[in-house]
Amino acid sequence: MEEFSIDGLTIKEHLLKHSYSEIVKMPYNIGPKNENRLGVSVFFINNLAARIAKDDWRRYFATIDGFYADERYLAAKVVDSIKFNNVDEYLEALALYIPLINSNSTLDVIRNCKLALRIRSKREEIWNFLIPYLYSKNAYSIRFALMYLNDKFVVFEYIDRLIKEIPNIKILNIHVSKDLGTLICTCFCMFPEETYKFMRYGDIQPDILKYAIYKCISSVNLSKDEKQVINALKDRFTRPLT
């Protein structure tokens, strides 16, 4: 397939041409130190993303390799800039972006995009899209799904289904464990009764429970009494259940 281009230059050529700009550079405070970075300005990235979004964005995604961090940042901004006709197009674009996620920074970029307006009326379709990623062999795909579920699905209609999914997730690394702990904390803050039962009696790994307890105790959304109840769960794996 012919590589996607604008004004006679491929996207990679555009980024290389505008690398190390003196304008405000991309916010790469998080992520691997050896990540390939060009230092393209946010201003240029946003303008380029808007142009791609109005063009053949599917062909753009089909030819991107994501070698440079700037390319992955740009891809997230393209998703954010597309005016989708329906939820299927939105999920198609997300599916094209997810394989490019390879660091905390690329997770944060897509998280900060203005995606909320596509969630309310089509929540079930998005739920069905996300759940298979929880069973991925790629840790970043799992973390993307957990991030999205934590942000948009800790609601009454989904809390029971969400808690039931947690024991089925394969823990690939410590980051997945922490994301699960964060999700459990969010669930407890919003739905303490349902979540406490899971934390007390459910199928949960000790390290995940420990981190969830830590997040709950650190939360400003819980009372002192609630934190004391949660703190008592530290002994769950050292004494019999009652």
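Quantities reported herein were computed from a predicted structural model and do not represent experimental measurements. (Residues numbered from 1 in each chain as written. Predicted model: local features only at pLDDT ≥ 70, side-chain atom pairs only at ≥ 80, totals over all residues. Heavy atoms only, no water.)

### Here we look at the packing of helix 10 (residues 174-190) against helix 11 (residues 192-201)
- In the contact formed by helix 10 and helix 11, the axes pass within 6 Å of each other and the chain directions differ by 140 degrees. Taken together, the axes of helix 10 and helix 11 are oblique relative to one another. Residue-level contacts link Ile-184, Cys-187, Phe-188, Cys-189 and Met-190 of helix 10 to Pro-192, Thr-195, Tyr-196, Phe-198 and Met-199 of helix 11.
- Of the residues assigned to the contact of helix 10 with helix 11, the class counts are nine nonpolar, one polar and no charged. (Axes fitted to C-alpha atoms, helices over the stretch in contact; angles between N-to-C directions. Helix = DSSP H or I, 4+ residues; strand = E, 2+ residues; numbered from the N terminus. Parallel < 35°, antiparallel > 145°, perpendicular 65-115°, else oblique. Contact = heavy atoms within 4.5 Å. Nonpolar A, V, L, I, M, F, W, Y, C, P; charged D, E, K, R; others polar.)

### Looking at the environment of Ser-218
- Inspection of the secondary structure puts Ser-218 in helix 12 (residues 206-218).
- Separated by 33 residues in sequence, Ser-218 and Cys-185 place their C-alpha atoms 9.8 Å apart.

### Brief notes about the packing of aromatic side chains
- This structure, assessed with the given rule, holds 11 aromatic pairs.
- Seen in terms of ring centroids, Trp-127 and Tyr-158 are 5.1 Å apart; in terms of plane orientation they differ by 40 degrees. Their pairing is tilted. Residue Trp-127 is found in helix 7 (residues 123-130), and its partner Tyr-158 is found in the loop between helix 8 (139-152) and helix 9 (159-165); the two are separated by 31 residues along the sequence.
- In this structure Tyr-158 comes out as buried when scored by relative accessible area, which is 6%.
- Plain terms: the ring middles of Tyr-211 and Tyr-214 are 5.7 Å apart, the flat faces sit at 40 degrees to each other, and that makes the pair tilted. (Phe/Tyr/Trp six-rings, centres within 6.5 Å; stacked < 30°, edge-to-face > 60°. Buried < 20%, exposed > 50% of the residue type's maximum accessible area, 1.4 Å probe, protein only.)

### Focus: the environment of Leu-233
- Here Leu-233 lies in the segment after helix 13 (224-231).
- The class for Leu-233 is buried, based on a relative accessible area of 2%.
- Separated by 37 residues in sequence, Leu-233 and Tyr-196 have C-alpha atoms that sit 9.4 Å apart.

### Looking at the confidence of the model for the protein chain
- Summing up the model confidence of the protein chain, the mean pLDDT is 88 and the portion of residues at 70 or higher is 88%.
- Least confident of the elements in the protein chain is helix 6 (residues 104-111), whose mean pLDDT is 85; most confident is helix 9, at 97. (pLDDT = per-residue confidence, 0-100.)

### Regarding the nonpolar core
- In this structure, Tyr-60, Phe-61, Leu-74 and Phe-144 are the most contacted members of the largest nonpolar core, which totals 81 residues.
- Take this core: its biggest share by element is eight residues, from helix 8.
- With sequence-adjacent residues up to four places away left out, Tyr-60 is seen in contact with Phe-4, Ile-11, Ile-52, Glu-71, Leu-74, Ala-75 and Val-78. (Core = buried A, V, L, I, M, F, W, Y, C linked by side-chain atoms within 4.5 Å.)

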